[in-house]
Protein chains: 2
Amino acid sequence: MKGVYLVTDRPLCLGRALTSIVAEAVRAGIACVQLREKTASTREFLDQALALKPILASAGIPLIINDRVDIALAADADGVHLGQTDMPYDTARRMLGPDAIIGLSVETWEDVSAAQDLDVDYLGVSPIFVTPTKTDTGSPWGLDGLAEIRAYSRHALVAIGGLNKDNAADIIRAGGDAVAVVSAICSADDPFTAARNLVHCVESALDSPADKETHS
Amino acid sequence: MKGVYLVTDRPLCLGRALTSIVAEAVRAGIACVQLREKTASTREFLDQALALKPILASAGIPLIINDRVDIALAADADGVHLGQTDMPYDTARRMLGPDAIIGLSVETWEDVSAAQDLDVDYLGVSPIFVTPTKTDTGSPWGLDGLAEIRAYSRHALVAIGGLNKDNAADIIRAGGDAVAVVSAICSADDPFTAARNLVHCVESALDSPADKETHS
């Protein structure tokens, strides 16, 4: 899990179809999409997943479903992203099998420590900075917190919360493997260009180990 | 699916634990419990299901989960109840297997007609009467509507919406197989006595085919 990780939010798409935003982001080279639906019915959530699947499958990009293991199974998605009040990791793993991608949000050191014993595929380090997109989160980790988790954790780290092209390279230099964004792509005037700029920032930083060394 | 079918609603339990309400209803002889959670997190929903399961399993009473196939799978429940905006029946059946109990709400004749081709285990005929418990439903079927569905449908019929001990026998006489209640048990001063009275009304009516003949 390295690169730009798009978390969807339909209300933030400013009236544009989610499929078109995702298609633009895929064309720009993002690495992963998490479908997050906060108020949709099960049917609507599933229909959104089924609509995104061919767009992502043809590009070889994983489709991750927020919270709902049933939607992931029904849409044959690549995995789920679990928050701390979602399905327990072990239960989700048993239902989805060994090949599914399962990510877990960590908002406290207790979460990070507990995750060390779990075979999750990545930790969602949340939030890095304060953000208007998600208001039910813990206090921000900041770049220093991210670097401390990097030094401790055995897992890949997907950073989220207040991230954009201006701080994406800092995230990678602090030890993040992927930069997750919501509004930086969903609400961009030009989602393709926004995604391409983010991908460029992240990939440049990932390709600069010396630079990374200096700043870590 | 014959008898009294309890649909849970924690806010309607008036501060009492759902497990204690359900245990009383089980002791009174109800036939089925549907766990319905409108605002719970996935973790909380699952925890409720796991708490109810031993109470029901020891009495041989099925635990049905509202909407969420993942909760049903994770808790090894007996089935799911699907609304028209939940998982499509065929998808849920594929995920849960041939032995699961799958019920489907019908709110229009179009729903009833479409369900005729599905191997659902029962139809939830909703609502029979107007009810303050659920406000997002279609217009009420009434006893006449229930009788018309009985004449047409090949499925067992679980009636819901505004039902209580005063109209439970009418439901059976109109062709219902089970009477589903929410507040009539969850909000009762004495859930055991309320459930026992309902069970008595429903079982008496089910045992009186001559009476049923006369009134149908």
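Residues numbered from 1 in each chain as written. Chains lettered and ligands numbered in written order. Predicted model: local features only at pLDDT ≥ 70, side-chain atom pairs only at ≥ 80, totals over all residues. Heavy atoms only, no water.

(A) Just the relation of the copies chain A and chain B, in detail. You can overlay chain A on chain B at an RMSD of 0.0 Å; the transform is a turn of 180° with a shift of 0.0 Å along its axis. Here the two chains are linked by the operation of a two-fold rotation axis. Relative to the rotation axis, the C-alpha of Asp-70 of chain A is the closest in chain A, positioned 2.3 Å from it. (Least-squares fit on C-alpha atoms with pLDDT ≥ 70 in both.)

(B) Region of interest: the nonpolar core. With 133 residues, the main nonpolar core has Ile-30, Ile-65 and Ile-185 of chain A together with Ile-30, Ile-65 and Ile-185 of chain B as its most contacted residues. The element best represented in this core is helix α9 (residues 191-206) of chain A, accounting for seven residues. Once residues within four sequence positions are removed from consideration, Ile-30 of chain B is found in contact with Val-4, Leu-6, Ala-25, Ile-61, Ile-185, Ala-195 and Val-199 of chain B. (Core = buried A, V, L, I, M, F, W, Y, C linked by side-chain atoms within 4.5 Å. Buried < 20%, exposed > 50% of the residue type's maximum accessible area, 1.4 Å probe, protein only. Helix = DSSP H or I, 4+ residues; strand = E, 2+ residues; numbered from the N terminus. Contact = heavy atoms within 4.5 Å.)

(C) View of the sheet that holds strand β1 (residues 3-7) of chain B. Residues and elements named next belong to chain B. Within the closed barrel, the eight strands sit side by side as β1-β2-β3-β4-β5-β6-β7-β8. Their pairing is parallel. On average, adjacent strands in this sheet sit at an angle of 25° to one another, irrespective of strand direction. Sheet analysis places strand β5 (residues 101-106) next to strand β6 (residues 122-125), joined by four bridges and oriented parallel. Bridge pairing in β6 places Leu-104 opposite Leu-123. Across the sheet, helix α2 (residues 42-57) is in contact with β2 (32-35) and β3 (63-66); its angle to β3 comes to roughly 165°. (Pairing = 2+ DSSP bridges. Axes fitted to C-alpha atoms, helices over the stretch in contact; angles between N-to-C directions.)

(D) Molecular detail of the environment of Pro-132 of chain B. All names here are of chain B. Residue placement: Pro-132 occurs in the loop between β6 and α6 (142-152). Its relative accessible area of 77% is what places Pro-132 among the exposed residues. In this structure, the C-alpha to C-alpha distance between Pro-132 and Gly-161, residues 29 residues apart in sequence, is 8.9 Å.

(E) Here's a closer look at the packing of aromatic side chains. Under the definition given, this model contains six aromatic pairs over all chains. Centre to centre, the rings of Trp-109 of chain A and Trp-141 of chain A are 5.8 Å apart; their planes meet at 85°, and the pair counts as edge-to-face. You can see Trp-109 of chain A sitting in helix α5 (residues 109-115) and its partner Trp-141 of chain A sitting in the loop between β6 (122-125) and α6 (142-152), a full 32 residues away along the chain. Given the relative accessible area of 12%, Trp-141 of chain A is considered buried. Considering the side-chain rings of Trp-109 of chain B and Tyr-152 of chain B, the 5.7 Å spacing of their centres and the 85° angle between planes classify their relative orientation as edge-to-face. Taken as a pair, Trp-109 of chain B in helix α5 (residues 109-115) and Tyr-152 of chain B in helix α6 lie far apart in primary sequence, 43 residues in all. An aromatic cluster is defined as three or more aromatic residues linked by ring pairs; in this entry it consists of Trp-109, Trp-141 and Tyr-152 of chain A. (Phe/Tyr/Trp six-rings, centres within 6.5 Å; stacked < 30°, edge-to-face > 60°.)

(F) Just the pattern of salt bridges, in detail. Residues and elements named next belong to chain A. Within this structure, the stated rule accounts for 26 salt bridges over all chains. In this structure, Asp-70 engages Arg-68 in a salt bridge whose closest nitrogen and oxygen atoms are separated by 2.9 Å. Residue classification places Arg-68 among the buried residues on the basis of a relative accessible area of 8%. (Salt bridge = Lys/Arg side-chain N within 4 Å of Asp/Glu carboxyl O.)

(G) Summary view of the sheet that holds strand β4 (residues 79-82) of chain A. Residue and element names in this part refer to chain A. Pairing in this closed barrel of eight strands is parallel, and the strands run β1-β2-β3-β4-β5-β6-β7-β8 around the ring. Averaged over all pairs of adjacent strands, the angle between their axes in this sheet comes to 25°, without regard to strand direction. In this sheet, strand β5 (residues 101-106) lies alongside β4 in parallel orientation, the contact comprising four bridges. In the strand pairing of β5, Val-80 is matched with Ile-102. Running at roughly 140° to strand β1 (residues 3-7), α9 makes contact with β1 and β8 (178-181) of the sheet.

(H) Representation of the packing of helix α1 (residues 18-27) of chain A against α9 of chain A in the model. Residues and elements named next belong to chain A. Here α1 crosses α9 at 40°, and the two axes come no closer than 8 Å. The chirality of how α1 crosses α9 is right-handed. Here Ile-21, Glu-24, Ala-25 and Arg-27 of α1 lie close against α9, whose contacting residues are Pro-191, Phe-192 and Ala-195. When the residues that make up the contact of α1 with α9 are grouped by side-chain class, the tally is five nonpolar, no polar and two charged. (Left-handed = near helix turned anticlockwise from the far one by under 90°. Nonpolar A, V, L, I, M, F, W, Y, C, P; charged D, E, K, R; others polar.)

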